[in-house]
Amino acid sequence: MINVLFVCLGNICRSPTAHGVFREYVRHSNLEDLIIIDSAGTGDWHIGKNPDKRATCAAKNKGYDLSDLRARQVTPEDFKNFDYILAMDQSNLKSLRRMSPPNFSGELKLFLDYHPDTSTKEVPDPYYGDDDGFVTMLTMIETASTELLSQIKNNYKLM
Ligand code: 4NP
């Protein structure tokens, strides 16, 4: 099993969108029995909540269903259970590095390290912005998801 965790601040905009997009790509590749996907937030304000309506709507417009997702906070156990812990921005990566035990052997990095545009390293937080921010976020997440899946397939010889 390959376990992938997407992390943002609130777990209601960026990381649930990545969760919904990446699981769709994994399903299309018939790898859903091998690749386990989850998302979480470094903050605790939105625990138990559905994704933000604007994120749900932007995702739905492109065929991704986020309706079953509920926000949760990152826990110490996540560092035992996940092979890839992918942060949406530097601030969340910093929080995760502080939590990470010395023996964590997985990949802890920025999700956009998988984005081919090397000038774009953070998924901007769309929460306080307008609807366009959610569309921009979704496009960045789709591009990075394609590359992430391709690298996982290569690493684990899943082709
Ligand atoms: P997310 O966006 O980290 O992409 O889920 C945010 C959601 C809520 C807040 C901040 C960012 N907030 O401050 O409540």
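Shown above is the structure to which this text applies.
Residues numbered from 1 in each chain as written. Predicted model: local features only at pLDDT ≥ 70, side-chain atom pairs only at ≥ 80, totals over all residues. Heavy atoms only, no water.

S.K.: What am I meant to see in the overall build of the protein here?
M.R.: The helix and strand tally for the protein stands at 5 helices and 4 strands. Tracing the protein from N to C terminus, the helices and strands come up as β-α-β-α-α-β-α-β-α. For the protein, whose C-alpha radius of gyration is 14 Å, the value lies close to the compact-globule estimate of 15 Å for 159 residues. Taken along its principal axes, the extent of the C-alpha atoms in the protein is 40 × 35 × 35 Å. By residue count, 49% of the 159 residues in the protein fall in the buried class. Within the protein, residue pairs in contact and separated by at least 24 positions form 72% of the contacts whose partners lie at least 6 positions apart. If you sum the accessible surface of the protein, you get close to 8100 Å²; carbon and sulfur atoms cover 49% of it. Side-chain charges of the protein comprise 18 positive and 22 negative groups, with the mean position of each set lying 2 Å from the other. (Helix = DSSP H or I, 4+ residues; strand = E, 2+ residues; numbered from the N terminus. Rg over C-alpha atoms; globule rule 2.2 N^0.38 Å. Buried < 20%, exposed > 50% of the residue type's maximum accessible area, 1.4 Å probe, protein only. Contact = heavy atoms within 4.5 Å. Areas by Shrake-Rupley, 256 points an atom, 1.4 Å probe, with all protein chains shown as cover. Lys, Arg positive; Asp, Glu negative; His and termini not counted. Charge placed at Lys NZ, Arg CZ, Asp CG, Glu CD.)

S.K.: Looking at this structure, I do not really get the sheet that holds strand 4 (residues 107-110). What am I missing?
M.R.: Taken in spatial order, the 4 strands make up an open sheet running 2-1-3-4, and their pairing is parallel. Either end of the sheet is taken by a strand with one partner, and the two such strands are strand 2 (35-41) and strand 4. This sheet shows a mean twist of 20 degrees between the axes of neighbouring strands, independent of strand direction. Pairing geometry for strand 3 (residues 84-87) and strand 4, over 4 bridges, is parallel. When the bridges of strand 4 are listed, Tyr 84 appears paired with Glu 107. Sheet strands touched by helix 1 (residues 14-28): strand 1 (2-8) and strand 2. Its angle to strand 2, the strand with the most contacts, is close to 170 degrees. (Pairing = 2+ DSSP bridges. Axes fitted to C-alpha atoms, helices over the stretch in contact; angles between N-to-C directions.)

S.K.: Sorry if this is basic, but what is going on with the site of the ligand here?
M.R.: Near the ligand the following residues occur: Cys 8, Leu 9, Gly 10, Asn 11, Ile 12, Cys 13, Arg 14, His 46, Asp 125, Tyr 127 and Tyr 128. Between Leu 9 and the ligand, the recorded distance is 2.9 Å, taken from a backbone N or O atom to an oxygen atom. Contact between the ligand and Gly 10: an oxygen atom at 2.8 Å from a main-chain N or O atom of the residue. Its free accessible area being 350 Å², the ligand has 92% of it covered by the protein chains. The site holding the ligand turns out to be the largest pocket. Considering only residue class, the shell around the ligand consists of 6 nonpolar, 3 polar and 2 charged. (Near = heavy atom within 4 Å. Polar contact = N/O pair within 3.5 Å; in protein donor to acceptor, adjacent residues only side chain to side chain. 1 Å grid on protein atoms, 1.4 Å probe; cavity = no way out; pocket = protein on both sides within 12 Å on 5 of 7 lines; lining within 4 Å. Sits in = over half its atoms within 2 Å of the grid points. Nonpolar A, V, L, I, M, F, W, Y, C, P; charged D, E, K, R; others polar.)

S.K.: In this structure, what is going on with the packing of helix 2 (residues 53-61) against helix 5 (residues 131-155)? I would like to understand it.
M.R.: Axis angle and axis distance: for two packed helices, these are the angle between their axes and the distance between the axes, and together they describe the pair. In the contact formed by helix 2 and helix 5, the axes pass within 9 Å of each other and the chain directions differ by 55 degrees. In terms of orientation, helix 2 and helix 5 fall into the oblique class. Pair helix 2 / helix 5 crosses with right-handed handedness. Two secondary-structure elements touch here, helix 2 through Arg 54, Ala 55, Ala 58 and Ala 59 and helix 5 through Asp 131, Phe 134, Met 137 and Leu 138. (Parallel < 35°, antiparallel > 145°, perpendicular 65-115°, else oblique. Left-handed = near helix turned anticlockwise from the far one by under 90°.)

S.K.: Before we go on, may I ask you to explain the nonpolar core in this structure?
M.R.: Considering soluble globular proteins, one finds that nonpolar side chains tend to be buried as a cluster. Ranked by internal contacts, the top residues of the largest apolar core, which has 37 residues, are Val 4, Phe 6, Phe 22, Ile 35, Phe 111 and Leu 148. Put simply, the parts of the chain that give this core at least two residues each are strand 1, helix 1, strand 2, helix 2, strand 3 and helix 5. Ranked by residues supplied to this core, first place goes to helix 5 with 9 residues. Apart from residues lying up to four places away in sequence, Ile 35 is in contact with Ile 2, Val 4, Phe 22, Val 26, Leu 149, Ile 152 and Leu 158. Val 7, Ala 40, Phe 79 and Leu 93 belong to the second largest nonpolar core, which has 13 residues in total. (Core = buried A, V, L, I, M, F, W, Y, C linked by side-chain atoms within 4.5 Å.)

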